[in-house]
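Coordinates in review
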Amino acid sequence: MSVSDLSSRTVLVTGATSGIGYQTARLLAERGALVLVHGRTAEEALAATDRLVTLSGVDADRLRAFGADFTHLEEVEHLATRVLAEHPGLDVLVNNAGMAAPERHTVTADGNEIAFQVNFLAHYLLTHLLEPALTDGTGGRVVNVSSSLHRTGSIQWNDPNRVRRYSRLAAYAQSQLALTVFAADPRVTAVSVHPGICTTSLLPLYAHEGVAPAEGAAHVVRLCDPAVEIVNGAYYDREHRVAPAPAASEERTVKRLTKLADLLVGQSA
């Protein structure tokens, strides 16, 4: 894989304090990008940047720490406001933060099922709030770190919070399907990628064994590179572009999801 210099790029990576997000931040910074490292709290994000400098020898000037708890949409709004103020020329947004749906049905303070909010709605809101920065320059793009499990998902349009029938696997798959569908939104250039099964906190959802998170992160970083041409809405399984679940490329589904998400995050289209 050819490696191009990313020193002119500014990239925000959500969920960058561990796993694939952390390794994505490391690889991007090593290639010269200015990386905005997002964590659930400012303290966690700062600790991650300190680790990158101390353990990986990353230049501290290439890192900025940002905190926002995605279970609170208000914090997502604050994050976007700060990024726009400090980095109006944002080149790439990596929507990576994710969680396994809990065993018990859990609803956030915003009234949404927690995995649907953290894995999809928060990223939906963040992407649209950052749209001015991402569409201002040339080659701005969004990379959604999705999952092959999106193929097993279905969006419960009349009950997206799964109040009536909850299963953690179904809730997780729904959130990943929504994130994958969202890549086909025409407002920003976006792709989705399944980075492979990696040894992260989400591993138990998939298998007993996985590859190192850095291996998965390499597939994410490749799609951040402006030298790699992308098609809006494309889905990648590691380095290969493949067809996503049929719903992910249906115009009707994209429009329906946009309407639902706008409603749930309180945005007016």
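In short, a report on the structure.

Here is what the cut-offs are and how they apply
- Residues numbered from 1 in each chain as written.
- Predicted model: local features only at pLDDT ≥ 70, side-chain atom pairs only at ≥ 80, totals over all residues.
- Heavy atoms only, no water.
- Helix = DSSP H or I, 4+ residues; strand = E, 2+ residues; numbered from the N terminus.
- Rg over C-alpha atoms; globule rule 2.2 N^0.38 Å.
- Buried < 20%, exposed > 50% of the residue type's maximum accessible area, 1.4 Å probe, protein only.
- Contact = heavy atoms within 4.5 Å.
- Salt bridge = Lys/Arg side-chain N within 4 Å of Asp/Glu carboxyl O.
- Patch = residues over 30% accessible without salt bridge, like charges linked within 9 Å, V, L, I, M, F, W, Y side chains within 5 Å.
- Areas by Shrake-Rupley, 256 points an atom, 1.4 Å probe, with all protein chains shown as cover.
- Lys, Arg positive; Asp, Glu negative; His and termini not counted.
- Charge placed at Lys NZ, Arg CZ, Asp CG, Glu CD.
- Axes fitted to C-alpha atoms, helices over the stretch in contact; angles between N-to-C directions.
- Left-handed = near helix turned anticlockwise from the far one by under 90°.
- Nonpolar A, V, L, I, M, F, W, Y, C, P; charged D, E, K, R; others polar.
- Pairing = 2+ DSSP bridges.
- Bend = angle between axes of the 7 residues up to and from the residue.
- Polar contact = N/O pair within 3.5 Å; in protein donor to acceptor, adjacent residues only side chain to side chain.
- Right-handed = clockwise from strand over helix to strand, strands pointing away.

**Considerations on the overall build of the protein chain**
Helix and strand counts for the protein chain come out as eight helices and eight strands. Compactness check: the protein chain gives a C-alpha radius of gyration of 17 Å against a globular reference of 18 Å for 269 residues, within 12% of the reference. Principal-axis analysis of the C-alpha atoms gives the protein chain an extent of 50 × 40 × 35 Å. Taken across its 269 residues, the protein chain has 54% of its residues classed as buried. Counting contacts in the protein chain only where the partners sit at least 6 residues apart, residues at least 24 apart contribute 74% of the total.

**A closer look at the pattern of salt bridges**
Overall, the coordinates contain nine salt bridges when judged by the stated rule. Ionic pairing is found between R187 and D185, a salt bridge with its closest N-O pair at 2.9 Å. For D185, a relative accessible area of 2% translates into the label buried. D237 is the partner of R238 in a salt bridge, and the nearest nitrogen-oxygen pair spans 2.9 Å. With relative accessibility at 39%, the residue R238 sits in the partly exposed group.

**Here we look at a negative patch on the surface**
There is a patch of like negative charges on the surface, built from E74, E75, E77 and D110. Since its relative accessible area comes to 54%, E74 is described here as exposed.

**A closer look at the packing of helix α3 (residues 73-86) against helix α4 (residues 114-129)**
Close contact between α3 and α4 brings their axes to 9 Å; oriented N to C, the two are set at 35°. Judged by the sense of rotation from one axis to the other, the crossing of α3 with α4 is right-handed. Along its contact with α3, which presents L73, V76, E77, L79, A80 and L84, the element α4 presents Q117, A122, L125, L126 and L129. Residue composition of the contact of α3 with α4, grouped by class: nine nonpolar, one polar and one charged.

**Structural notes on the sheet that holds strand β5 (residues 141-145)**
Overall, mixed pairing links the eight strands, which are arranged β3-β2-β1-β4-β5-β6-β7-β8 in an open sheet. In the strand order of this sheet, the two ends are held by β3 (63-67) and β8 (240-242), each with one partner. The sheet shows a mean angle of 25° between the axes of neighbouring strands, direction not considered. Here strand β1 (residues 10-13) runs beside strand β4 (residues 92-95); their pairing, made up of three bridges, is parallel.

**What to know about α4**
Most pronounced at L121, the bend in α4 amounts to some 35°. Of all 16 residues making up α4, 15 are buried, and the element is well covered by its neighbours. Where α4 begins, one side-chain oxygen reaches toward the backbone nitrogen of A115, 3.0 Å away; that side chain belongs to E113.

**Observations regarding the pairing of β5**
Among the five residues in β5, five count as buried, and that is most of the element. Side-chain alternation along β5 places R141, V143 and V145 on one buried face and V142 and N144 on a second face that is also buried. Pairing between β4 and β5: four bridges, direction parallel. Across the sheet, residue N95 finds its bridge partner in β5, namely N144. In this structure, β5 lies alongside strand β6 (residues 190-194), joined through four bridges in parallel fashion. Across the sheet, the residue bridging to N144 is S192, located in β6. For the crossover that starts at β5, traverses helix α6 (residues 168-182) and ends in the parallel β6, the hand is right-handed.

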